[in-house]
Amino acid sequence: MRWLTCVALLALGVGEALAQTAEIRAKVTDDQGRPVEDVVVVAVPVDGAARAPARPRETTVDQVDQEFTPKVTVVLVGTPVSFPNHDNIRHQVYSFSPAKRFELPLYAGVPAAPVVFDKPGVVILGCNIHDWMIGYIYVSESPYFAKTGKDGTALIAELPPRAYDVRVWHPQLDSTEESTRKVVDATRAGPVAVAWTVKLRREAKVRRSPAADGRGRY
Amino acid sequence: MYRTAHRRIRTLASNAACVALLVCGGSARAAWQFDIDGGFFYDSNLTRAYEPADIRADTAFVLDAAAGWFSALTGADGLTLAVDARTELYHRFNGLDLLDVGAKAIYRHKFGLGYAAPWIAVSAAGAYDDYRSRLRDGGRLDVRAELGQRFTPEFDASFGVRYDRRYARSDEPVVPDISGKVFALRGQSAFARAGYAVNDRLLFAAELAVRRGDVVATTRPDFEIFVASAAIAADPTFGPDFFAYRLRGTTNTAKVSASWALDDRSSINAVYIDERTDAAGGVYYRSHSANLLYAWRY
């Protein structure tokens, strides 16, 4: 009987805790009102009390048709990322970014060991064989993040109710990530909608299309 | 004769394809690439004549198809082997109608990691040209070395040197003791080019080149050219009283191009070329050419 009471109380507690989670629904549009895809939305508790994350699960960034897929990946700091190559040509993936400098020597298939992203920041990926290939890994210090889809929306769910500093990042963002910061009151259970209008600049990417003189292919 | 040349081209093409297949079969980790360029070409002075009365202009339909194989040998080295075929069909001067087949090898090395690393490329290309008029038939060889760097994702530049050689099959002298191999040519060039992508779609490029070597001018009989010529032959392509002359000369070429990307694999390209030649015997001629091409790569 005592055992049953314990289970019931525990279930009640868990249920209540779930019922009390908040969520942030972000919507990002550009200055012409069009939804912006691949925007990273990160929520950091104002009081700094982020839930201790479980050990991050391995993530993959594929190479398909000589492009990084997905183009933008967001991971928690400490996450191992593998770079499987699904092309029939070898790639040499590298990054010069301060958040993670690394180089995977020319390889086909799946590299032996994943790369662990152990510092927060933005990591820009490139391939030394195909200069047009560019990808981004946003390494978040907070476990609460999401990425916008084609409709420009992202959902950060199951947030402990409290106030959050929420900011957005995109490879073509024309301002600093810090300037997008908003304090969002998510102390009550349920969804909170937040919207950003961002100005995007041209992407710094080497052109892939054929040029008049046939150059630039490799 | 035209049929014989076609047979020779077919043999060459099949041999080149066999070699390519043998070489390419050695590595499973290589990418096939296919290129097609098609469009129109205009030249204001096909005859390379300096007398206005001898200048002939025409427009041609151009189709170029290539199949290649690229392998990353190391993280810094790449090798491309390709075979290609090209045809040019002229509106007025059908003697210039052309079918050529060729093969090309390009080796490229990057001095470091990243798009901004300087690179060097060495290439050799050979082709056999089969014109409707027999005079211009023959093999071609082009060897070049180029050093370049991409300074930003938008801007790149390079410079290089080139050696070109053309082997004439036709040898029908019209003047005793003067060769009839007008299209046996050789020359050396130096060139510099730069490209700038204005936005995601539009890319401008410019190229300057200086070539020293043999050039061919086709005119009606002209004593000044005759005296300076190393070879002379009748050139009925432009009329019964036209003769082609081989001279030594310096050609300055300026080329500008605009490329509009339709997507990652195709583009529309417009190219304008201004060519000025100072040849032996005080011969000076100029030509403008332009082409508008659709390019597709896979």
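The model shown is predicted, which means the values in this text are computed figures rather than measured ones. (Residues numbered from 1 in each chain as written. Chains lettered and ligands numbered in written order. Predicted model: local features only at pLDDT ≥ 70, side-chain atom pairs only at ≥ 80, totals over all residues.)

### Digging into the overall build of chain B
Each helix and strand in chain B was counted, giving 2 helices and 13 strands. Here the C-alpha radius of gyration of chain B, 20 Å, is about what a compact globule of 298 residues would show, namely 19 Å. Structurally, chain B occupies a C-alpha span of about 60 × 40 × 30 Å along its principal axes. Buried positions account for 33% of the 298 residues belonging to chain B. Relative to all contacts within chain B whose residues are 6 or more apart in sequence, the contacts with residues 24 or more apart total 59%. (Helix = DSSP H or I, 4+ residues; strand = E, 2+ residues; numbered from the N terminus. Rg over C-alpha atoms; globule rule 2.2 N^0.38 Å. Buried ≥ 20, exposed ≤ 12 C-beta atoms within 10 Å, placed from the backbone. Contact = placed C-beta atoms within 7 Å.)

### A closer look at the overall build of chain A
Within chain A, the regular secondary structure consists of 1 helix and 17 strands. Across the 218 residues that make up chain A, the buried fraction comes to 36%.

### Thoughts on the sheet that holds strand β13 (residues 144-147) of chain A
Residues and elements named next belong to chain A. Pairing in this open sheet of 4 strands is antiparallel, and the strands run β13-β2-β15-β16 from one edge to the other. Each edge of the sheet is formed by a strand with only one pairing partner; in this case those strands are β13 and β16 (182-186). Averaged over neighbouring strand pairs, the angle between their axes works out to 25° when direction is ignored. Pairing geometry for strand β2 (residues 40-45) and strand β15 (residues 162-169), over 6 bridges, is antiparallel. Following the sheet pairing, V40 is matched in β15 by W169. (Pairing = 2+ DSSP bridges. Axes fitted to C-alpha atoms, helices over the stretch in contact; angles between N-to-C directions.)

### Concerning the interface of chain A and chain B
Listed by partner, the interface residues are 27 residues for chain A and 35 residues for chain B. Sorting the residues of the side of chain A that touches chain B by element identifies β8 (91-95) and β9 (102-107) of chain A as the ones contributing at least two each. When residues of the side of chain A that touches chain B are assigned to their parent elements, the largest contribution, 3 residues, is made by β9(A). Here the residues of the side of chain A that touches chain B are counted per class, giving 13 nonpolar, 5 polar and 9 charged. (Nonpolar A, V, L, I, M, F, W, Y, C, P; charged D, E, K, R; others polar.)

### Section: the sheet that holds strand β14 (residues 153-159) of chain A
Note: strands within a sheet are paired through backbone hydrogen bonds, in either parallel or antiparallel orientation. Residues and elements named next belong to chain A. Pairing is mixed in the open sheet, where 3 strands are placed in the order β14-β1-β17. Each edge of the sheet is formed by a strand with only one pairing partner; in this case those strands are β14 and β17 (190-198). Direction aside, the axes of adjacent strands within the sheet are offset by 15° on average. Here 5 bridges tie strand β1 (residues 22-30) to β14, and the two strands are oriented antiparallel to one another. Across the sheet, the residue bridging to R25 is L155, located in β14.

### Considering the domain arrangement of chain A
All names here are of chain A. Taken domain by domain, chain A consists of domain 1 (22-50 + 143-204) and domain 2 (52-141). Across the boundary between the two partners, domain 1 contributes 8 residues, which contact 9 residues of domain 2. The set of elements that each furnish at least two residues to the side of domain 1 that touches domain 2 consists of β2 and β13. (Domains from an automatic or database assignment.)

### Description of the nonpolar core
All names here are of chain A. If you look at the biggest cluster of nonpolar residues, it comprises 52 residues, and the most contacted ones within it are I24, V40, V41, A43, I137, F145 and I156. Counting residues per element, this core draws most heavily on strand β12 (residues 134-140), at 5 residues. There are two domains that each give this core at least three residues, and those are domain 1 (22-50 + 143-204) and domain 2 (52-141). What I156 contacts, discounting residues up to four positions off in sequence, is E23, I24, V41, A43, Y144, F145 and A146. (Core = buried A, V, L, I, M, F, W, Y, C linked by C-beta atoms within 7 Å.)

### A closer look at unusual backbone geometry
Residue and element names in this part refer to chain A. Omega for the bond connecting T69 with P70 falls within 30 degrees of zero, at -5°, which places this linkage in the cis form. Notably, D65 is not glycine yet its phi reads approximately 50°, a positive angle. Following the sequence through the fold, D65 ends up in the loop between β4 (62-64) and β5 (67-69).

### Remarks on the pairing of strand β11 (residues 243-261) of chain B
Residue and element names in this part refer to chain B. Taken together, the 18 bridges between strand β9 (residues 202-219) and β11 define a ladder with antiparallel strand orientation. From the neighbouring strand, F204 faces β11, where its bridge partner is A258. Judged from the 4 bridges that link them, strand β10 (residues 231-234) and β11 form a sheet pairing that is antiparallel. Considered in β11, the bridge of A231 is made with R246. Alignment of β11 against strand β12 (residues 266-279), held across 13 bridges, turns out to be antiparallel. Bridge pairing in β12 places N252 opposite R276.

### As for the environment of B:I120
By the secondary structure assignment, B:I120 is in strand β5 (residues 119-131). The contact partners of B:I120, leaving out residues within four places of it in the chain, are B:H109, B:A145 and B:L147.

### Some points on the pairing of β8(A)
All names here are of chain A. Among the 5 residues of β8, 4 are classified as buried, and the element is accordingly described as predominantly covered. Relative to β9, β8 is paired through 4 bridges, and the arrangement is antiparallel. When the bridges of β9 are listed, H91 appears paired with Y107. What sits between the antiparallel neighbours β8 and β9 is a turn of 6 residues. As paired strands, β8 and strand β11 (residues 121-127) are joined by 2 bridges and run antiparallel to one another. Bridge pairing in β11 links V93 to C127.

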